[in-house]
Amino acid sequence: MSGTFTTSTARNIFYGGTLFFLLVFLALTFQNEQIIPKRDRREMLANPQIAEGKKLWETNNCIGCHTLLGEGAYFAPELGNVVVRLGSKEAVKAFIKGRPAEGIAGRRSMPQFNFSDKDLDAIADFLEYVSKIDAAKWPPNVQG
Amino acid sequence: MQYKSQAVAKPYFIAALALFVAQILFGLIMGLQYVWGDFLFPHIPFNVARMVHTNALIVWLLMGFMGAAYYLVPEEAETELHSPKLAIALFWIFLVAAGLTVVGYLTVPYATLAKVTGNDLLPTMGREFLEQPLLTKAGIVVVALAFLFNITMTILKGRKTAINTVLLLGLWGLAVMFLFSFYNPDNLVKDKFYWWWVVHLWVEGVWELILGAILAFVLIKITGVDREVIEKWLYVIITLTLVTGIIGTGHHYYWIGTPEYWQVWGSIFSALEPIPFFAMTLFAFNMVNRRRREHPNKAATLWALGTGVMAFLGAGVWGFLHTLAPVNFYTHGTQITAAHGHMAFYGAYVMVNLTIISYAMPLMRGRAANSNKSQVTEMWGFWLMTVSIVFITLFLTAAGILQVWLQRVSDNPMPFMMAQDQASLFYWLREWTGVVFLVGLVVYLASFFIKGEEKAAA
Ligand code: HEM
Ligand code: HEM
Ligand SMILES: [Fe+2]
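Residues numbered from 1 in each chain as written. Chains lettered and ligands numbered in written order. Predicted model: local features only at pLDDT ≥ 70, side-chain atom pairs only at ≥ 80, totals over all residues. Heavy atoms only, no water.

Student: Which residues make up the coordination of the iron atom of ligand 1, and what values do they have?
Tutor: All names here are of chain B. Protein-derived ligands of the iron atom of ligand 1 are His53 (NE2) and His342 (NE2), with the metal-ligand distances lying across 2.0 Å. Considering all six donor atoms around the iron atom of ligand 1, the spread of angles at the metal, 84 to 178 degrees, places the coordination shape in the octahedral class. In this pair, histidine 53 sits in helix 2 (residues 46–77) while histidine 342 sits in helix 13 (residues 335–364), placing the two residues 289 residues apart along the sequence. You can call histidine 53 buried: its relative accessible area is 12%. (Donors = N, O, S within 2.8 Å, 3.2 Å for Na, K, Ca; no water. Tetrahedral: all angles 85-135°; square planar, octahedral: opposite > 155°, others 65-115°. Helix = DSSP H or I, 4+ residues; strand = E, 2+ residues; numbered from the N terminus. Buried < 20%, exposed > 50% of the residue type's maximum accessible area, 1.4 Å probe, protein only.)

Student: Quick one: what's the story with the packing of aromatic side chains, residue by residue and with numbers?
Tutor: Applying the stated criterion across every chain yields a total of 56 aromatic pairs over all chains. Between phenylalanine 129 of chain B and tryptophan 195 of chain B the ring centres are 6.2 Å apart and the planes differ by 10 degrees, which places this aromatic pair in the stacked class. One end of the pair, phenylalanine 129 of chain B, is in the loop between helix 4 (110–116) and helix 5 (134–157); the other, tryptophan 195 of chain B, is in helix 7 (residues 188–223), with 66 residues separating them in the sequence. Take tryptophan 195 of chain B: its relative accessible area is 5%, and that puts it in the buried class. The interplanar angle of 45 degrees and the centroid separation of 6.0 Å between the aromatic rings of phenylalanine 391 of chain B and phenylalanine 395 of chain B together place this pair among those described as tilted. Remark: phenylalanine 395 of chain B and phenylalanine 391 of chain B occur in helix 14 (residues 372–409); sequence separation between them is four residues, near one turn of the helix. The class for phenylalanine 391 of chain B is partly exposed, based on a relative accessible area of 39%. For phenylalanine 395 of chain B, a relative accessible area of 17% translates into the label buried. Sitting over the face of the ring of tyrosine 74 of chain A, arginine 50 of chain B holds its NZ or CZ atom 5.8 Å from the ring centroid. The residue whose ring lies beneath arginine 430 of chain B is tyrosine 34 of chain B, and the NZ or CZ to ring-centre distance is 4.9 Å. (Phe/Tyr/Trp six-rings, centres within 6.5 Å; stacked < 30°, edge-to-face > 60°. Lys NZ or Arg CZ within 6 Å of the ring centre and 35° of its normal.)

Student: With reference to specific residues and values, describe the coordination of the iron ion (ligand 3).
Tutor: All names here are of chain B. Protein ligation of the iron ion (ligand 3) involves His200 (ND1), Glu204 (OE), His251 (NE2) and His252 (NE2), the donor distances falling in the range 2.1 to 2.2 Å. Taken together, the four donor atoms surrounding the iron ion (ligand 3) define angles of 82 to 148 degrees at the centre, an arrangement classified as irregular. When the donor residues of the iron ion (ligand 3) are listed from N- to C-terminus, their spacing reads H-x3-E-x46-H-H. A gap of 4.3 Å separates the iron ion (ligand 3) and the iron atom of ligand 2.

Student: Provide a residue-level description of the site of ligand 1, including the pertinent values.
Tutor: Taken together, 28 residues form the shell around ligand 1, and within it Tyr34, Arg50, His53, Glu128 and His342 of chain B come nearest. Of the chains in the model, those with residues near ligand 1 are chains A and B. Here an oxygen atom of ligand 1 sits 2.5 Å away from a polar atom, N or O, in the side chain of tyrosine 34 of chain B. Here an oxygen atom of ligand 1 sits 2.7 Å away from a polar atom, N or O, in the side chain of arginine 50 of chain B. (Near = heavy atom within 4 Å. Polar contact = N/O pair within 3.5 Å; in protein donor to acceptor, adjacent residues only side chain to side chain.)

Set out below in structure tokens:
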């Protein structure tokens with residue numbers, strides 16, 4: 001490296017460059033906040049069941065096996081569009097309710113969570129809400 | 001070792017390695033569950049093993065970073081650590097909190113754990129990598145702040161070098177970004193958006209500053225190249241990191257309900273993210289080639305060069321592979337992601353920790369380097385683990401390509417579970433390679449106990 005490019009020049013470029021691109025990122029984030037109300041279906045959150053469903057989703061660590069909009073674990077099916085894939089909220093609830101407590105021999109198994117019907121309704125409402133988020137046409141097909 | 005207080009790093013390094021073992025054991029459990037679905041079910045369901053695997057990883061890397069800071073900062077600042085007692089107290093607090101958290105994961109249902117640890121007060125649990133109970137998260141913040149206080153005070157009273165400044169910036173950044181783990185709105189899109197401010201801005205942002213600083217420190221010590229040259233490289237590397245990596249966050253905003261302009265911003269900036277990793281490879285090789293002394297610790301040199309190469313392969317090459325939006329549309333959330341996650345975490349953060357441990361442990365044990373016999377064993381550990389992770393990555397990539405093809409691209413998309421069955425050969429190969437990784441880890445650990453003729457510390 002040449003004599004004019006000193007460590008303190010490098011340091012100044014570091015601070016200046018970082019600050020500049022951080023500000024650009026914050027501007028993009030600001031714009032993001034302006035646009036997402038059109039895509040994130042926040043009006044559906046007026047139904048308190050959905051927040052309740054999200055909480056059940058979290059406190060039972062569903063993300064530890066499943067992906068949701070492609071993020072999470074890769075052990076079990078994508079659930080962002082599961083209401084569409086299984087055809088209805090009823091089918092989703094029946095699936096969750098029907099898991100055998102001891103698992104299925106040799107097959108990747110999902111726990112039996114012993115949810116109440118109220119809990120199941122909340123989870124199904126949450127998953128339906130996720131399926132309505134505008135995710136830029138992802139996933140490529142119904143299999144997730 | 002030039003300052004007595006540097007020795008507080010030792011328990012941190014030892015605990016880090018113990019957690020590394022736990023991480024790998026749970027990795028092997030999951031690897032088996034991939035092909036033998038109900039293995040240990042319902043006692044250790046997959047999600048529980050996964051939490052232990054990933055959280056042990058994160059905690060041991062943090063332990064390693066803290067150990068590295070305690071070792072390196074006094075030497076750079078040319079003064080004793082502000083408070084060695086505080087450092088030891090924090091060590092025990094952190095270790096006990098981590099231990100209790102793992103016991104909690106393994107012994108009570110996650111929903112019960114959430115209830116008894118006050119998740120209702122402020123729901124933060126149940127999100128990938130941030131599964132820790134509120135208490136643990138608060139504990140992490142307290143430990144991090146007290147640690148930063150200790151390190152900052154040390155630097156303030158001593159010499160300020162580029163290396164300890166960059167390290168400090170990285171560590172503060174780490175703590176600040178972690179605060180976003182307390183933000184968990186009901187709106188899933190916002191939840192996901194800010195979740196990445198922890199995860200992405202850690203590994204592709206502030207952690208890279210820590211990585212660069214540790215690597216620079218070890219390279220100065222083992223090569224004897226002028227500080228001036230090394231510090232200039234360090235600034236260039238971290239400039240490239242943050243200039244590309246901050247907006248590069250956009251590569252996670254393609255399909256989660258965020259605006260489509262992120263597909264452009266994210267693709268362009270993240271496509272440039274491999275550049276700082278490549279610069280790091282050049283940096284490591286250049287400095288070693290221009291070395292002015294023959295340091296007796298050959299193993300540490302190997303780890304430093306290995307970090308340069310493997311971080312570039314795992315983060316740079318495997319990251320680039322799936323980072324452009326049109327590709328990511330098909331690979332998002334598949335085994336391709338897992339392949340990249342493994343090689344990137346290993347190549348960058350596992351290896352840099354093993355680099356500083358390899359360099360510092362002999363010095364803390366009163367010698368410049370371990371005996372030749374011990375170093376040869378350590379290098380066997382290096383090659384076994386590194387070659388294993390390469391093959392694990394290749395097998396997962398093969399599984400991922402098959403998965404993408406069957407489940408997402410073909411005219412007649414196959415359901416997830418059927419596609420997974422088709423990939424089972426690759427999962428078996430991954431699992432056996434994982435066993436070799438474990439053997440490598442055991443060999444590596446054994447090297448600590450091998451005696452032989454040693455050179456006294458300089
Ligand atoms: C050596 C044997 C190992 C095995 C068998 C193994 C297995 C696994 C499995 C099965 C998963 C879960 C994938 C899923 O979500 O479906 C996983 C996740 C993960 N493992 Fe490992 N692992 C091993 C070693 C490692 C090492 C050495 C590292 C770190 C360097 C590591 C870091 C991770 C990370 C970061 C994740 C989360 C990945 C993601 O979300 O994309 N693992 N591992
Ligand atoms: C050392 C640095 C890096 C580490 C430790 C790392 C680790 C990870 C991990 C663990 C994930 C999975 C996250 C999840 O579970 O959802 C991930 C995702 C991703 N990484 Fe990296 N990464 C690094 C650098 C990079 C770089 C430099 C690039 C781009 C060139 C990149 C591109 C991506 C992309 C596109 C995804 C999303 C995958 C998906 O859509 O499923 N990463 N990374
Ligand atoms: Fe990223």
